[in-house]
Structures are given as C-alpha cells and as structure tokens.
Amino acid sequence: MRTGRLRTVHPVLWAGWAALAAGAVLCVIGWYGISGERYAERQLPYLASCTVPGAALIIAGSVLLTHGRGALAAARVEELHGLLVAAESADADESRQAAALPLAVSGDLLMVPGGTLWHRADCPLVSGKVEAVPVDAKLLQSGELGPCPICEPADETD
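Structure report, in brief.

### Description of the sheet that holds strand E2 (residues 117–120)
- Strand order in this open sheet of 4 strands is E3-E1-E2-E4, and the pairing throughout is mixed. Among the strands making up the open sheet, the edge pair consists of strand E3 (133–134) and strand E4 (146–147).
- Bridging between strand E1 (residues 109–111) and E2 involves 3 bridges; their strand directions are antiparallel. From the neighbouring strand, Leu-110 faces E2, where its bridge partner is His-119.

### Considering the pairing of E2
- Joining the antiparallel neighbours E1 and E2 is a turn of 5 residues, in which Gly-114 adopts a positive phi near 90°.
- With 2 bridges connecting them, E2 and E4 associate as parallel partners. Within E4, the residue paired with Leu-117 across the bridge is Gly-146.

### With respect to the nonpolar core
- Counting 6 residues, the largest nonpolar core consists of Leu-110, Cys-123, Val-126, Ala-132, Cys-148 and Cys-151.
- In terms of nonpolar packing, the next biggest core, distinct from the first, is built from 5 residues, Met-111, Trp-118, Val-135 and Leu-145 among them.

### Some points on the pattern of salt bridges
- Enumeration over the complete set of coordinates arrives at 1 salt bridge.
- Where Glu-37 meets Arg-42, a salt bridge forms, and the shortest distance between an N and an O atom there is 3.8 Å.
- Judged by relative accessible area, Glu-37 falls into the partly exposed class, the value being 22%.
- Judged by relative accessible area, which is 52%, Arg-42 ranks as exposed.

### A short note on the state of the cysteines
- Evaluation of the coordinates by the stated rule reveals 0 disulfides.
- Unpaired in terms of disulfides, Cys-27 finds its nearest cysteine sulfur in Cys-50, a separation of 8.8 Å.
- The exposure class assigned to Cys-27 is partly exposed, which follows from its relative accessible area of 21%.

### Observations concerning the environment of Leu-65
- Assignment of secondary structure puts Leu-65 in helix H2 (residues 40–100).
- On the basis of relative accessible area, Leu-65 is assigned to the buried category, the value being 9%.
- Once the C-alpha coordinates of Leu-65 and Leu-13 are considered, the two residues, 52 residues apart in sequence, prove to be 5.3 Å apart.
- Sequence-distant contacts of Leu-65, defined by excluding residues within four places in its chain, comprise Leu-13, Gly-16, Trp-17 and Leu-20.

Conventions adopted
Residues numbered from 1 in each chain as written. Predicted model: local features only at pLDDT ≥ 70, side-chain atom pairs only at ≥ 80, totals over all residues. Heavy atoms only, no water. Pairing = 2+ DSSP bridges. Helix = DSSP H or I, 4+ residues; strand = E, 2+ residues; numbered from the N terminus. Core = buried A, V, L, I, M, F, W, Y, C linked by side-chain atoms within 4.5 Å. Buried < 20%, exposed > 50% of the residue type's maximum accessible area, 1.4 Å probe, protein only. Salt bridge = Lys/Arg side-chain N within 4 Å of Asp/Glu carboxyl O. Disulfide = S-S within 2.5 Å. Contact = heavy atoms within 4.5 Å.

See the structure below:
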C-alpha cells in the first residue's frame, strides 16, 4: 500500500542529487580555471561563471535532498498510520465477534490436579494439556473447585 506521495518524492531526491553533482562539477571547473591564472582580474570570470553558481547549486541540491527526505519520512508515517488504523479496526471487529460467541462450549468438565478451578474441555487454559483430567464429582460437590472465570462452566452444574 504505497501512497501517491511517495511517487512524487523520488523526483525531488533525484533533482537534489543532480543539483549537487552539477554544483560540484562547476566548482571544480572554476577552481581549475582560477588556479591557472596569476592575476586576480583574470580569475574573476571563473569565479563569476563557475564557482558562485556551483556553490548555489550545491546549496539548492542540499535543500532539495532535505525536503525530499522529510517528505519521504512524512509519507511513510502516513502509510504506517493507515496500516495501524486498519489493524485497529480489524481487531475491534474481531473482538466484537469474539465477545458475541462463547469462548468454550464443551459439556465435558476438566481440572488440573492440584488446581482450584474446573474448566470446559475446550477452555484455552486446559485444552491440549495432557495432565488435565475429568472432574471428580466428589470434589465438585464438596466445593473445593470453583468455576473457571474464562470459560464459565458454572451454568452446567446448576
């Protein structure tokens, strides 16, 4: 999910790099021309035609690169925000659906030896545990075991 803004940022970055390169070339040409002249009045044309415009292009290229990278970062932040909002709404939909459906619906009651609660067989706290055993009716009647608050099997025993 790339935004349209990302496509418009790349030309700005390329223009920045091109301006930097052109400015560096002009500065090198100006330096080379100035270094070959002995008198200041003969160096002035190189300074005016190459070195000053080259320095201006280097500054312009730096500004374009800074702006392009800032715009690229802003576009990425917008994209991440969109993904976060989409994930948040999907999580909210899933949690609404999960709240509407019971977590566990099995009629078989299990317990973990040494535990204080009994659970439905498909409760996430005991499903897949090898040590989970069926609830002993004597423990259930004595009140030593309480219902699991997650799968709520209390309505089965009433």
